[in-house]
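The lines below spell out each chain.
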Amino acid sequence: MRWTRAFIPTLKEDPADAEVVSHRLMVRAGMLRQVARGIYSYLPLCQRVILKIDAIVREELDRIGAIELMLPILHPAELWQETGRWDLYGPLMMRLADRHDRRYALGPTHEEVVTDLVRHEVRSYRQLPLSLYQIQTKFRDEIRPRFGVMRGREFTMKDAYSFHADEGSLDATYGDFREAYSRIFTRCGLAFRDVEASAGEIGGDVNHEFMVLADTGESVVFSCPNCGYAASSGRAEAVRVAHQVPAGQAVLEEVATPGKTTVEEVSGLLGRDPSEFVKTLLFQMDGRTVAVLVRGDREIEEEKLGRALAVDRVEMAGPERVREVTGADVGFAGPHGLPKDVRVVADYSLAGRGNLVAGANRTGYHVTGLEIGRDVQPEAWIDAVRLVGGDPCPRCGTALDETRGIEVGHIFKLGTKYSEPMGARFLDEDGTQKPFLMGCYGLGITRVVAAAIEQNHDENGIVWPTAIAPYEVEVLPLNMDSARVVEAAERIYEECRAEGLETLLDDRADRAGSKFADADLVGIPWRIVVGDRGLESGMVEVARRSARKDMARFSPEEAVHHVRANVLRERGGGAKGPGGG
RNA sequence: CGGGGAGUAGCUCAGCCCGGUAGAGCACUACGUUCGGGACGUAGGGGUCGCAGGUUCAAAUCCUGUCUCCCCGACCA
């Protein structure tokens, strides 16, 4: 492609609305333009990257026997009502009505649609297992879109769904996907970790997230440098300690703490450390109020709480409900003397602690000398605390590292969560009807683009991994007024193309400096610089984008061969696996 | 949804407080000089100042409303 014929509107200055590097560089490199909040146009350069990632994904999924199809974007409400998610998904789902006022959603994910398809078409265990995937646009009306394409409201996702007759088959396919994902991200040049995760809205028990390590990531990952344990913040476990009521039991006393509603304030007033406090948080779940006790210096991770108590939805109680239950204003809730219909559970962070400070359930008062086991009997001890870096590993006790990550993939074992309510059954070998066991596997294509840039850039621009670079080679004639420079560059360009290299020729009449600057910005991995200075001795220069100073001189022919050999090596993958159909 | 900030040329911004014929740099067009890391000169093209009301002889500027975008937060008692 000739630059003068291409559409690569690079920007000299940083766009005012881009905060993170990947967003900034995508806009500056002429890859991306915003249309509305969280909605973007992908320009040609970006589209080429996306198509390359698509191709890698297709290759690796075909290899494990998954089959590509295309499901609709527009979903009828009825399908979502069958699983209850029409209501559960809430405002995250974009909804609309047709001319007859029938309700639809723009698909945020496709479990319902694919399960509907399979329940109509698959009858027998003989047709299983079946893995279907698509690469398609998804819509999610995010609370707060941000970081460019990292969290958009419209984005491209590869989603796959597998159907099985038994657990063994599901396990095997889940393992296949896990390996395929590792290969995909590796080929895309990403440093990633797969971690135990929490399932969120999708559901299911076992699931793993693929996290690209980056400071700008929105997710928090805890990993053990010793044993390799790794989990996302919604799943990472605390060490569980059994609670015993201390021998020297303290005396329960009420103290006045007027206007002091936070642990910090009361801590300051009483001169007691926050870790000696019981924080009593009231939640509403499944119509009941639950008091969750956690150590004063710790916070509750709602995803863990929901899982520990086996409820779908966890919501903090509003101020009205708090007053109703505790008889006091918000800020003075305590664990003892709560109404009998309130469940009380305690987090392990409180185990082994005595002589505690807590709210008195009376506005303006707290209590000291509280003993769990004497003054309050938790119905259960649970692990619902949000970990922090340095907490002990639940497997081996080593201090955990806390890092940030970008979630680029998430795979789930769903079991019968969707097949059961939707009546998706097959006839098994033993002659009985059974619901399909399912797995689902998501991979954020556009997010991979952003993640790749987050991990592969320098102060001048993007440094593409060759496997997903928009072009593999850029030919850079420095002076378009010099006939021999133009001639040599044209010849090299044609030779590169003849060798099957994806080549961009910067044939603009601009000065060398601005062409170099754009080349750095756009980040094509291999560069062949053609200038009068080198041609004096019949040489051109070859440089790798990631190591600009290590350029080498070659004759034009050698340059093409040198670049070709390197590109072929760096492209990677390309393995034609079995089962591709 | 709460708080903060911003909407003026394709981009980055000034002008607004103190009302009086709309600006700069970059980008774009033409010509000339330049030409190995974002050149320079000359001459140009390009803006209903987000939108709608209001005040005023007069509004980018003051007032009211509204829309959009960005950032932070979203109940940890």
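See the structure shown above.
Reading the values: rules and limits
Residues numbered from 1 in each chain as written. Chains lettered and ligands numbered in written order. Predicted model: local features only at pLDDT ≥ 70, side-chain atom pairs only at ≥ 80, totals over all residues. Helix = DSSP H or I, 4+ residues; strand = E, 2+ residues; numbered from the N terminus. Buried ≥ 20, exposed ≤ 12 C-beta atoms within 10 Å, placed from the backbone. Contact = placed C-beta atoms within 7 Å. Axes fitted to C-alpha atoms, helices over the stretch in contact; angles between N-to-C directions. Parallel < 35°, antiparallel > 145°, perpendicular 65-115°, else oblique. Nonpolar A, V, L, I, M, F, W, Y, C, P; charged D, E, K, R; others polar. Near = placed C-beta within 6 Å. Left-handed = near helix turned anticlockwise from the far one by under 90°. Pairing = 2+ DSSP bridges.

Peer 1: How would you explain the overall build of chain A if you had to name every residue and give the values?
Peer 2: Scanning chain A from terminus to terminus reveals 14 helices and 31 strands. A burial count over chain A gives 43% of its 581 residues as buried. Of the contacts made within chain A by residues no fewer than 6 positions apart, 72% connect residues no fewer than 24 positions apart.

Peer 1: Report on the packing of helix α1 (residues 21-28) against helix α10 (residues 445-455), specifying residues and quantitative values.
Peer 2: Helix-helix packing is described using two parameters, namely the angle between the two axes and the distance between the axes. Remark: α1 packs on α10, axes separated minimally by 8 Å, with the N-to-C direction vectors making an angle of 100°. Classed by the angle they form, the pair α1 and α10 counts as roughly perpendicular. In this structure, α1 uses V21, S22, L25 and M26 to contact α10, whose residues at the interface are A450, I453 and E454. Within the contact of α1 with α10, the residues separate by chemical class into five nonpolar, one polar and one charged.

Peer 1: Lay out the protein's contact with RNA strand B in plain terms, naming residues and giving numbers.
Peer 2: Around RNA strand B, the surrounding shell holds 53 residues, and the nearest of these are R37, G331, G513, F516 and G531. Elements with a minimum of two residues in the surface near RNA strand B: β14 (278-285), β16 (315-316), α12 (512-522) and α13 (532-535). A total of eight residues in the surface near RNA strand B trace back to one element, the largest contributor, which is α12.

Peer 1: Talk me through the packing of helix α11 (residues 483-498) against helix α14 (residues 556-571); I want residue IDs and the actual numbers.
Peer 2: Here α11 crosses α14 at 35°, and the two axes come no closer than 10 Å. Our pair here, α11 against α14, has a crossing hand that is right-handed. Residues A488, R491, I492, E495 and C496 of α11 touch α14, and the partners they reach there are P556, A559 and V560. Residues belonging to the contact of α11 with α14 are distributed by class as follows: six nonpolar, no polar and two charged.

Peer 1: Describe the sheet that holds strand β17 (residues 343-347), listing the residues and the values that go with them.
Peer 2: An order of β16-β14-β15-β17-β20 is seen for the five strands of this open sheet, with the pairing classed as mixed. Edge positions in the open sheet fall to β16 and β20 (380-382), since each of these has one partner strand only. Two strands pair when backbone bridges link them, and β14 and strand β15 (residues 288-295) are joined in this way by eight bridges, in the antiparallel orientation. Residue pairing across strands places K279 opposite V294, the latter belonging to β15. On top of the sheet, helix α9 (residues 319-326) reaches β14 and β15; it is set at about 115° to β14, its chief contact.

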